[in-house]
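# Tertiary structure, described
Single-letter residue listing:
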Amino acid sequence: MKKFLSILISAMLILTLCSCSVTGNRRFEKTFIDLFDTASTLIAYDESQSAFDEKYGLFYDELKEYDRLYDIYNEYEGVNNLCTVNRLAAKEPVKVDEKIIDLLEYGKEVYKFSGGAVNICFGSVLSLWHDARENGLASPESAALPDMLALENASKHTDINSLVIDSENNTVFFSDGEMSLDVGAIAKGYAGQKICEYAKNELWQDFALSLGGNVITSGFKGDGKTKWSIGIENPDTSSQQALLNVEISDLCVVTSGDYQRYFTVDGKNYCHIINKDTLMPSEYFSGVTVICKDSALADALSTTLFNMSYNDGLALVEGFDGVEAVWVDKDYNKSFSSGFENYIK
């Protein structure tokens, strides 16, 4: 319950909204906790409560479809999702929705520009860490790290080329029978980008979504045309203040950090972001936040940057147009890309 409340409060606080007067559309808000295993908040400007509620229903149903398709832990009747793919794709090609094909093809793109730091075929390794974390959280007194030999054996089955995608027939096949998918580094960002593109085309012009802390903004805060003020969560959990406040419009803010999803073994915290080279949780930073127009890219980049040195990460960021980042080291010192500070309020 404490963990749940912490996540819910974080999701509510991440959208730090300044007061503003609007003369037309009014501000409406919904919080939901049953999609993508996280607490999320939608804020939109609409003409009436009934209009907002009707559109919210469409929004929620569309996002729910992504949540079920991208779920690697649970299957649903009548749906071939990623859990189904992990169970069956080593035996034969599995027919899936185009939304899954698109995500997996994007995952292959991310693998290339991240140098393998983000690998959707890393599931065999990540599942060992997932089980260790779940066991450690459920029984802290018996918390233990995964066996290194088991991790090394699992890492032999993470070749991205073992993922065979047939985009014409919408099928997925694993040429390595011991490989499995884990899309945790990209799924929320990708789904968030797609759902917000849908919302902007069909529902609202001015809205903001915090999908478990992945913040996506469209337009402004109603007729006042004020930019959205976003509080970036502070990796220093002893602080009551946001790390930074940024003002944005039609941009996304996504953070990867070591301060929420972790477990403790012998007094040391181990986060959920695993380095491909060490097979251990990454220890470069406490947090990395990315700002750009595309939530899918921001999600992928935040994890990528978390897994490499500042100099290597800075070089990568500066190679993208319209991407900025802030790195927070283990002593909570901040380092910025060249244009990030232009967004600071």
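The structure reproduced in this document is the subject of the present report. (Residues numbered from 1 in each chain as written. Predicted model: local features only at pLDDT ≥ 70, side-chain atom pairs only at ≥ 80, totals over all residues. Heavy atoms only, no water.)

Glancing now at the sheet that holds strand β5 (residues 171-174). Pairing within the open sheet is antiparallel, and its 3 strands lie in the order β3-β5-β4. With one partner strand each, in any of the chains shown, β3 (94-95) and β4 (163-166) form the two edges of the open sheet. Against the sheet, helix α4 (residues 98-113) contacts β4 and β5, and its axis sits at roughly 130 degrees relative to β4. (Pairing = 2+ DSSP bridges. Helix = DSSP H or I, 4+ residues; strand = E, 2+ residues; numbered from the N terminus. Contact = heavy atoms within 4.5 Å. Axes fitted to C-alpha atoms, helices over the stretch in contact; angles between N-to-C directions.)

Now for the side chain of T41. Tracing the chain through its elements places T41 in strand β2 (residues 38-46). Take T41: its relative accessible area is 2%, and that puts it in the buried class. Here the side chain of T41 touches T31 through a polar contact of 3.3 Å, side chain to side chain. (Buried < 20%, exposed > 50% of the residue type's maximum accessible area, 1.4 Å probe, protein only. Polar contact = N/O pair within 3.5 Å; in protein donor to acceptor, adjacent residues only side chain to side chain.)

A few words now on the pattern of salt bridges. For the structure shown, the criterion picks out 8 salt bridges. The partner of R27 in a salt bridge is E29, and the shortest N-O contact between them spans 2.9 Å. A relative accessible area of 39% places R27 in the partly exposed class. Judged by its relative accessible area of 33%, E29 is partly exposed. The salt bridge involving K276 is made with D277; its shortest N-O contact spans 3.0 Å. Of the residues examined, K276 reaches a relative accessible area of 34% and is grouped as partly exposed. (Salt bridge = Lys/Arg side-chain N within 4 Å of Asp/Glu carboxyl O.)

Once that is clear, we can look at α4. Under the 1.5 Å per step criterion, the end-to-end length of α4 is 23 Å for 16 residues, consistent within 8% with the ideal 22 Å. Within the span of α4, buried status applies to K99, I100, I101, L103, L104, Y106, G107 and V110. You can read the cap of α4 off the contacts: a side-chain oxygen lies 2.7 Å from the backbone nitrogen of K99, and it is on D97. (Expected span 1.5 Å × (residues − 1).)

The next subject is the sheet that holds strand β13 (residues 287-292). Sheet architecture is open: 8 strands sit in the order β1-β2-β6-β7-β10-β13-β14-β15, paired in antiparallel fashion. A single partner strand is all that each edge strand has here, and the edge strands are β1 (26-35) and β15 (334-336). Each strand of the sheet is rotated relative to its neighbour by a mean of 10 degrees, with strand direction disregarded. As defined by bridge partners, strand β6 (residues 207-211) adjoins strand β7 (residues 214-218) across 5 bridges and the pair is classed as antiparallel.

Turning next to the packing of aromatic side chains. Going through the model one piece at a time under the given rule, you end up with 20 aromatic pairs. Note on F52 and W204: the rings are 5.7 Å apart at their centroids and 35 degrees apart in plane angle, and the pair reads as tilted. Linking F52 in helix α2 (residues 49-69) with W204 in the loop between α7 (187-202) and β6, this pair joins segments that are 152 residues apart in sequence. For F52, a relative accessible area of 1% puts it in the buried group. Look at F59 and W204: their rings are 5.9 Å apart centre to centre, the planes differ by 55 degrees, and that puts the pair in the tilted class. With F59 in helix α2 and W204 in the loop between α7 and β6, this pair connects stretches of sequence that are 145 residues apart. Side by side, F59 and W204 carry an identical accessibility label, which is buried. Connected via pairs of aromatic rings, a cluster forms that spans F28, F32, F52, Y56, F59, Y60, W204 and F207. Its guanidinium or amino end placed over the ring of Y66, K99 lies 5.5 Å from that ring's centre, counting from NZ or CZ. (Phe/Tyr/Trp six-rings, centres within 6.5 Å; stacked < 30°, edge-to-face > 60°. Lys NZ or Arg CZ within 6 Å of the ring centre and 35° of its normal.)

Our focus in this paragraph is the nonpolar core. If you look at the biggest cluster of nonpolar residues, it comprises 70 residues, and the most contacted ones within it are F59, Y70 and L82. Not counting residues up to four positions away in its chain, the partners in contact with F59 are F32, L42, I195, Y198, A199, L203, W204 and L209. In this structure, V215, L244, V326 and F336 belong to the second largest nonpolar core, which totals 18 residues. (Core = buried A, V, L, I, M, F, W, Y, C linked by side-chain atoms within 4.5 Å.)

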